[in-house]
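Chain by chain, the residues run as shown.
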Amino acid sequence: MTGAMNKPRFEGRRVKLEEVCEIRSGGTPKRSVLEYWQDGTIPWVKISDMKGKYVCSTEECITESGMSNSSAKLFEKGTILYSIFASIGEVGILKIPAATNQAIAGFRVKDEYKGSVDRDYLYHWLRSRKALSKHSGRGAAQNNINLSILKSMELELPAIGDQRCIAAQFERVARLEEGVCNQLAALDDLRKSRFIEMFGDPVGGNAWPMRQLNELYRVGSSKRIYAKDLVKGGVPFYRLADVGCLADGTNPSVDSYITEERYAGLKAAGYVPGADDILVTSRGTLGKCYIVSGEDKFYFQDGMITWLARTGMSPRSRYLVALFSNNSFAKNLSDSCSGTTVRYLSISDLAKMRIPVPPMDLQDKYLAFVRQVDKLESAARASIDRLQTLYDSLAQEYFG
């Protein structure tokens, strides 16, 4: 690509985001009030719905009553969304009118600036701020930034023609990324369809023996680590969003650690997960699974993450991960959760969950298929990494 070599020379004034944009966050209607959710027609965006540049659909909808009785707001089509809690710095553009939860802020360019701010330029500028936003994150339980921090961020605003020229450079890379992401989605669909073909519907009409998870695993969590015990270097301490990144095959941005001595003590006491144990996200975005490898060295947040420690009765770890990603099972899991504003799966909720357990030889046959798909996925992820490096170099050149 030659675009970075032909960077246009531009000069622009620096403005605070609140000068050029209306910035508001969303909200969550009470889960305990059925009329706020049942038969809802207003798309309601969570961070997990922000899977690319455009947000075209949502997993959940709320009702007019739910929006009126919460801090949720209806954002118009074209609004730029930016996540400010947990996985901060995710960016998307609404293709539909929608509300959002409180972890997402909506950006609408003010009327008087619509001829002088290019939406794609602003989108890519925000996307390039992800590392900076994480560096500015606050909070012990999870990274977050508040609206005051967001509004005070300064944006370089060159002439509209220069903005469009700069945005076009990023769009070329983004289109290549989108193509590879589509390949990854197709590979994921292939795994899921093969799972159904081999094992059937795991919720209804399944012929395999059903077992509670606590018959197959030791179901628990970590030993609590307090904020005063966290240090600036040592063994990584993963929070909910970090385990979500691991489950998605991406590297978490770690900002907290425990000492080597503390880790050694926890490991000696049996409080550290072993190879092929599974960590499950149990708050907000539920049921994401990460299989611990023998090379892993980290500790993790209690409560938000459930630890399934293997026993002699456990099924293959990749089978369980595939089960949790099955749409029918995921819905059943969601229906079993507790919580009103934020959904969560307690350890006891998960321990009592019943799952089908097919014969090991059939599980192994599925794993052989999955390993071949994994090879293709690994190559695609390597392409994504190279494209992200290219995107980051452009961001450094234009937005520094």
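**Student:** Can you help me understand the overall build of the protein in this one?
**Tutor:** Of the regular secondary structure elements, the protein holds 13 helices and 19 strands. A globule of 400 residues ought to have a C-alpha radius of gyration of about 21 Å, and the protein, at 23 Å, matches this closely. Expressed as lengths along the three principal axes of its C-alpha atoms, the size of the protein is roughly 65 × 50 × 45 Å. Across the protein, every contact between residues at least 6 apart in sequence was considered, and the portion connecting residues at least 24 apart equals 75%.

**Student:** Any chance you could explain the pattern of salt bridges here in plain terms?
**Tutor:** Where charged atoms from two side chains of opposite charge approach closely, those side chains can pair. Scanning all chains against the criterion turns up 27 salt bridges. Salt-bridge contacts for Glu22 lead to Arg108; the nearest nitrogen and oxygen are separated by 3.0 Å. Note that Glu22 is positioned in strand S2 (residues 21-25) and Arg108 in strand S9 (residues 104-109), a separation of 86 residues in sequence. On the basis of relative accessibility, which here comes to 35%, the residue Glu22 falls in the partly exposed class. Put simply, Lys53 and Asp120 hold a salt bridge, and the shortest N to O gap is 2.9 Å. A residue pair is termed long-range when its members are at least 10 positions apart, and Lys53 in the loop between strand S3 (42-45) and strand S4 (54-55) and Asp120 in helix H3 (residues 119-128) qualify at 67 residues. Connected through salt bridges with shared partners, the residues Asp188, Arg191, Lys192, Arg318, Asp374, Glu377 and Arg381 form a single ionic network.

**Student:** Sorry if this is basic, but what is going on with the nonpolar core here?
**Tutor:** With 41 residues, the main nonpolar core has Leu17, Phe107, Leu122, Leu126, Leu150 and Leu155 as its most contacted residues. Ranked by the residues each element gives to this core, the list is headed by helix H13 (residues 360-399), at 8 residues. When neighbours within four sequence positions are excluded, Leu155 is seen to be in contact with Arg13, Arg14, Val15, Leu17, Val20, Tyr121, Leu122 and Trp125. Core analysis: the second largest hydrophobic core is formed by 29 residues, Phe199, Tyr319, Leu320 and Leu323 among them.

**Student:** How should the packing of helix H10 (residues 317-325) against helix H11 (residues 327-335) be read in this particular structure?
**Tutor:** Packed helices, taken two at a time, are described by their axes: the angle between them and the distance between them. Look at H10 against H11: their axes get within 5 Å of each other, and the N-to-C directions meet at 75°. For the element pair H10 / H11, the angle class is roughly perpendicular. Together, Leu323, Phe324 and Ser325 of H10 and Asn327, Phe329, Ala330 and Leu333 of H11 make up the contact between the two elements. Grouping the constituent residues of the contact of H10 with H11 by class yields 5 nonpolar, 2 polar and no charged.

**Student:** Could you clarify how one ought to interpret the sheet that holds S3 in this entry?
**Tutor:** Two orientations exist for strands paired in a sheet by backbone hydrogen bonds: parallel and antiparallel. Taken in spatial order, the 3 strands make up an open sheet running S5-S3-S8, and their pairing is mixed. Each edge of the open sheet is held by one strand with a lone partner, namely strand S5 (60-62) and strand S8 (99-100). Here 2 bridges tie S3 to S8, and the two strands are oriented parallel to one another. Counted as the bridge partner of Val45 is Thr100 from S8.

**Student:** It is not clear to me how the sheet that holds strand S6 (residues 80-83) should be interpreted in this structure. Could you clarify?
**Tutor:** If you walk across this open sheet you meet the 5 strands as S2-S9-S6-S7-S4, and the pairing is mixed. Here the strands that pair on one side only, and so sit at the sheet edges, are S2 and S4. By the bridge criterion, 5 bridges tie S2 to S9 in an arrangement that is antiparallel. Directly across from Glu22, in S9, lies its bridge partner Arg108. Lying on the sheet, H3 is in contact with S2, S4, S6, strand S7 (91-94) and S9; it crosses S7 at an angle near 155°.

**Student:** Mind showing me how you'd approach the environment of Cys289 here?
**Tutor:** You can see Cys289 is positioned in strand S16 (residues 289-291). Each C-alpha atom of the pair Cys289 and Ile278 lies 6.4 Å from the other, and the pair is 11 residues apart in sequence. In contact with Cys289, not counting residues within four places along its chain, are Ala247, Ile278, Leu279, Val280, Val321 and Phe324.

**Student:** Which parts of the structure should I look at to understand the environment of Tyr257?
**Tutor:** Considering the arrangement of structural elements, one finds Tyr257 in strand S14 (residues 257-258). In this structure the C-alpha to C-alpha distance between Tyr257 and Ile145, which are 112 residues apart in sequence, comes to 21 Å. Tyr257 has contacts with Asp229, Leu230, Val231, Lys232, Gly233, Gly234, Val235, Pro236 and Phe237, leaving out every residue within four places of it along the chain.

**Student:** Sorry if this is basic, but what is going on with the pairing of S7 here?
**Tutor:** The two faces of a sheet get side chains in turn, since along a regular strand they alternate between them. Alternating positions in S7 separate into two faces, Val91 and Ile93 on one and Gly92 and Leu94 on the other, with burial throughout. Pairing of S4 with S7, which is carried by 2 bridges, proceeds in the parallel orientation. Paired with Tyr54 across the bridge in S7 is Ile93. Of the strand pairs in this sheet, S6 and S7 are connected by 3 bridges, and their pairing is antiparallel. If you follow Leu81 over to S7, its bridge partner there is Gly92.

**Student:** Can you help me understand the pairing of S9 in this one?
**Tutor:** Most of S9 sits out of view: 6 of its 6 residues are buried. With burial as the criterion, each face of S9 is covered, one bearing Ile104, Gly106 and Arg108 and the other bearing Ala105, Phe107 and Val109.

**Student:** Looking at this structure, how should I read the side chain of Glu177?
**Tutor:** By the secondary structure assignment, Glu177 is in helix H6 (residues 160-199). For Glu177, the residues in contact, after removing those within four places along its chain, are Arg127, Ile384, Leu387, Gln388 and Tyr391.

**Student:** Looking at this structure, how should I read the packing of H3 against H13?
**Tutor:** Closest axis-to-axis distance for the H3/H13 pair is 10 Å, and the angle between their directions is 105°. Judged by the angle between their axes, H3 and H13 are roughly perpendicular. Mapping the contact onto sequence places Tyr121, His124, Trp125, Arg127 and Ser128 in H3 and Gln388, Tyr391, Ala395 and Phe399 in H13. For the contact of H3 with H13, the class distribution of residues is 5 nonpolar, 3 polar and 1 charged.

The rules we used
Residues numbered from 1 in each chain as written. Predicted model: local features only at pLDDT ≥ 70, side-chain atom pairs only at ≥ 80, totals over all residues. Heavy atoms only, no water. Helix = DSSP H or I, 4+ residues; strand = E, 2+ residues; numbered from the N terminus. Rg over C-alpha atoms; globule rule 2.2 N^0.38 Å. Contact = heavy atoms within 4.5 Å. Salt bridge = Lys/Arg side-chain N within 4 Å of Asp/Glu carboxyl O. Buried < 20%, exposed > 50% of the residue type's maximum accessible area, 1.4 Å probe, protein only. Core = buried A, V, L, I, M, F, W, Y, C linked by side-chain atoms within 4.5 Å. Axes fitted to C-alpha atoms, helices over the stretch in contact; angles between N-to-C directions. Parallel < 35°, antiparallel > 145°, perpendicular 65-115°, else oblique. Nonpolar A, V, L, I, M, F, W, Y, C, P; charged D, E, K, R; others polar. Pairing = 2+ DSSP bridges.

Function-wise, these values are silent; they only describe arrangement.
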